[in-house]
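# A closer look at the structure
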Amino acid sequence: VEYASRRDTANAIKTLNNTNLNGRNIFVRRDKEEERSMQENGVGNHNSGTAPPNNNAQQVKVLNLDERVTWMEIKDYFKAAGNVLFVSIEKGFNDEVCAKVRFASTI
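The notes below deal with the structure included here. Within each chain, residue numbers correspond to sequence positions counted from 1 in written order. Totals for whole chains, interfaces and linings use all residues, but because this is a predicted model, local features are given only for residues with pLDDT of at least 70 and pairs of side-chain atoms are given and counted only at 80 or more. Excluding hydrogens and water, the side-chain values take into account all heavy atoms of the structure.

Right, let's talk about the overall build of the protein chain for a bit. Helix and strand assignments follow DSSP, with helices taken as H or I runs no shorter than four residues and strands as E runs no shorter than two, numbered in order from the N terminus. Helix and strand counts for the protein chain stand at three helices and six strands. Written out in order from the N terminus, the α and β elements of the protein chain read β-α-β-β-α-β-α-β-β. Residue exposure (1.4 Å probe, protein chains only): buried if accessible area is under 20% of the type maximum, exposed if over 50%, otherwise partly exposed. Scored against the burial criterion, the 107 residues of the protein chain give a buried share of 41%. Only heavy atoms matter for contacts: two residues are in contact if any of them lie within 4.5 Å across the pair. Long-range contacts, defined as pairs at least 24 residues apart, comprise 63% of the intrachain contacts of the protein chain with a sequence gap of at least 6. Per-residue and other accessible areas follow the Shrake-Rupley method at a 1.4 Å probe size, with only the shown protein chains counted as cover for residues. Accessible area of the protein chain: about 6000 Å², with a carbon and sulfur share of 47%.

Shown next, in the form of structure tokens:
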């Protein structure tokens with residue numbers, strides 16, 4: 001999940017971490033890959049080529065997702081923390097389903 005400001009990122013972590021989505025407790029963390037990219041490139045965006053660029057964005061990673069969850073369910077769930085621009089679902093460590101969520105700029 002990627003947000004327009006650090007405030008939205010902190011809000012997502014505070015309000016959605018360890019909550020239930022589709023019968024599973026999810027964990028919301030700052031995306032370490034995003035933070036490394038920001039430090040290396042001097043911008044607030046890591047663009048893998050699939051997500052629209054947003055230099056003001058902040059991204060969080062969502063862990064422990066049900067394997068049947070859809071990107072739309074994640075998008076709808078994270079609307080409570082900000083305006084969701086993009087969601088990508090991927091396999092993490094040990095084939096755990098995780099997601100990255102990006103929020104649109106509210107500036």
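After presenting the structure, the write-up continues.
In this section: the pairing of strand β3 (residues 24-30). At least two bridges found by DSSP between two strands are what make those strands a pair. Strand direction decides the pairing type here: strand β2 (residues 19-21) and β3, joined by three bridges, are antiparallel. Along β3, the bridge assignment pairs N20 with N25. What sits between the antiparallel neighbours β2 and β3 is a turn of two residues, in which N22 has the positive phi angle 55 degrees. As paired elements, β3 and strand β4 (residues 58-65) share four bridges and run antiparallel to each other. The residue of β4 that forms the bridge with F27 is L63.

For the rest of this paragraph, the subject is the environment of V97. By secondary structure assignment, the location of V97 is in strand β6 (residues 97-103). Classification of V97 as buried rests on a relative accessible area of 10%. Separated by 33 residues in the primary sequence, V97 and N64 place their C-alpha atoms 6.2 Å from one another. Ignoring sequence-local partners within four residues, the contact set of V97 consists of V62, L63, N64, L65, D66, E67, I89 and E90.

This part covers the pattern of salt bridges. Only one rule defines a salt bridge in this text: a Lys or Arg side-chain nitrogen within 4 Å of an Asp or Glu carboxyl oxygen. Scanning all chains against the criterion turns up three salt bridges. Measuring nitrogen to oxygen at the nearest pair gives 3.1 Å for the salt bridge that ties D66 to R68. Look at R68 and you get exposed, because its relative accessible area is 64%. Between D76 and K79 there is a salt bridge, with the nearest N and O atoms lying 3.4 Å from each other. Here D76 falls in the partly exposed class, since its relative accessible area comes to 43%.

For the rest of this paragraph, the subject is a nonpolar patch on the surface. Patch criteria: residues need more than 30% relative accessible area and no salt bridge. Like-charged residues are merged within 9 Å; nonpolar side chains of Val, Leu, Ile, Met, Phe, Trp and Tyr are merged within 5 Å. A surface patch of nonpolar side chains, about 290 Å² in accessible area, is lined by W71, M72 and I89. With respect to the helices, strands and loops of the structure, I89 is situated in strand β5 (residues 84-91).

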